[in-house]
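Results of the structural survey
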Amino acid sequence: MTITEQPFHGWSPEAVVFDCDGTLMDTEQHWQDARGRAFRDFGLRPAPGFAERAKGVHYLDCGRMMAEEADKPDLAPELTESLLAHFMERVADDPVTMPGAAEFVRNLSGRLPLAVASNCPLAVVERSLEQAGLLSHFGHIVVPGDPESTGAATRSPDGREPIRPKPWPDVYATAARLCGARSERTLAVEDSFTGIESARRAGLRVVGVGKPPGDGRESTVDLWVPTLHAPELLDLDWVRAG
């Protein structure tokens with residue numbers, strides 16, 4: 001989909017909610033490295049295609065997938081712990097933003113409420129964004145969590161129900177609400193189809209970022225762009241207004 005098709009004609013967002021991994025921060029390679037190292041810690045090898053199946057999956061679910069696909073379900077807790085430890089080490093060593101992400105965020109900052117909706121732990125998201133100099137631009141960071149979490153953004157408004165990970169709609173629905181925006185007037189920016197499904201189920205409009213899969217799934221978003229400095233995105237009226 002391109003700008004000539006005017007996917008947002010007559011429409012502008014009341015808030016923008018970004019995914020973090022693969023959308024703002026170039027961390028997918030970090031996750032791949034961490035998964036590989038965690039497998040090697042236990043003398044295991046991933047099954048063919050595992051990297052693609054794991055993309056956008058919450059790290060707890062990823063740890064379970066790693067254990068189940070290796071036919072070692074009892075190792076799920078240990079694999080999950082190893083996965084997260086290796087990932088945190090990689091992020092600390094090499095915080096890299098995705099092409100155009102920092103400029104796009106700074107362009108919108110102060111004009112629209114901005115939030116992050118991620119499947120990563122809160123500490124990981126905050127650390128990544130802080131190292132990239134982007135944390136201060138976001139009013140809210142929403143991640144999955146249980147009611148006992150210390151981060152208010154990991155709980156439902158009544159404080160009793162856990163926020164479920166993508167592809168459940170919870171993180172995006174909560175982020176829009178915290179921004180004071182209607183879901184139908186909130187834009188999600190996502191690179192994974194797990195996240196796109198989450199945003200769509202929450203009622204948000206979606207910009208997909210990255211290499212189109214070429215299997216028709218890109219038609220599930222309002223606009224697909226290769227990067228956040230693509231002309232078809234930057235030429236939208238509400239973006240150029242900055």
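Summarised in this report is the structure supplied together with it.

What counts as what
Per-chain numbering applies: the sequence of each chain, read as written, is numbered from 1 onward. Residues qualify for local features only when their pLDDT is at least 70, as the model is predicted, and side-chain atom pairs are given and counted only at 80 or more; totals for whole chains, interfaces and linings, by contrast, use all residues. Side-chain numbers here rest on the full set of heavy atoms in the structure, without hydrogens or water. Axes, fitted as lines to C-alpha atoms, cover a helix only where it is in contact. Angles between the N-to-C directions of the axes lie from 0 to 180 degrees. Strands here mean DSSP runs of E at least two residues long; helices mean DSSP runs of H or I at least four residues long; both are numbered from the N terminus. The labels follow the angle: roughly parallel below 35 degrees, roughly antiparallel above 145, roughly perpendicular from 65 to 115, and oblique for the rest. Helix crossings are classified by the rotation of the near helix relative to the far one: an anticlockwise turn of less than a right angle makes the crossing left-handed, while a clockwise turn makes it right-handed. By definition, residues are in contact when any of their heavy atoms lie within 4.5 Å. Gly is placed with the polar residues, together with every amino acid not listed as nonpolar (Ala, Val, Leu, Ile, Met, Phe, Trp, Tyr, Cys and Pro) or charged (Asp, Glu, Lys and Arg). Throughout this description, buried means an accessible area under 20% of the type-specific maximum (1.4 Å probe, protein chains only), exposed means over 50%, and partly exposed covers the range between. In this description, one arc is meant: the one made by directions from the helix axis to the C-beta atoms.

**So, the packing of helix α3 (residues 59-69) against helix α4 (residues 76-93)**
- One can describe the packing of α3 onto α4 by two numbers: an axis separation of 8 Å at closest approach and a directional angle of 125°. Classified by the angle between their axes, α3 and α4 sit oblique to one another. For the crossing formed where α3 meets α4, the hand is right-handed. Taken together, the residues of α4 that come into contact with α3 (itself represented by Tyr59, Leu60, Cys62, Gly63, Arg64, Met66 and Ala67) are Ala76, Leu79, Thr80, Leu83 and Leu84.
- Grouping the constituent residues of the contact of α3 with α4 by class yields nine nonpolar, two polar and one charged.

**Describing helix α6 (residues 122-131)**
- When α6 is considered as a whole, its buried residues turn out to be Val124, Val125, Ser128 and Leu129. Taken down its axis, α6 places every buried residue within 115° of arc, on the same side.
- Close packing links the buried residues of α6 with α4, β2 (114-117) and β3 (140-142).
- Positive phi shows up at Gly133, right after α6, with a value of about 75°.

**Quick look at the environment of Ala115**
- Topologically, Ala115 is positioned in strand β2.
- What makes Ala115 buried here is its relative accessible area of 0%.

**Some details on the environment of Gly203**
- Mapping Gly203 onto the fold places it in the loop between α8 (193-201) and β5 (205-209).
- Residue Gly203 is classed as partly exposed on the basis of its relative accessible area of 37%.
- Each C-alpha atom, one on Gly203 and one on Leu187, is 9.5 Å from the other, the two residues being 16 residues apart in sequence.
- Aside from chain neighbours lying at most four places away, what touches Gly203 is Ser183 and Glu184.

Keep in mind these values describe shape, not function.
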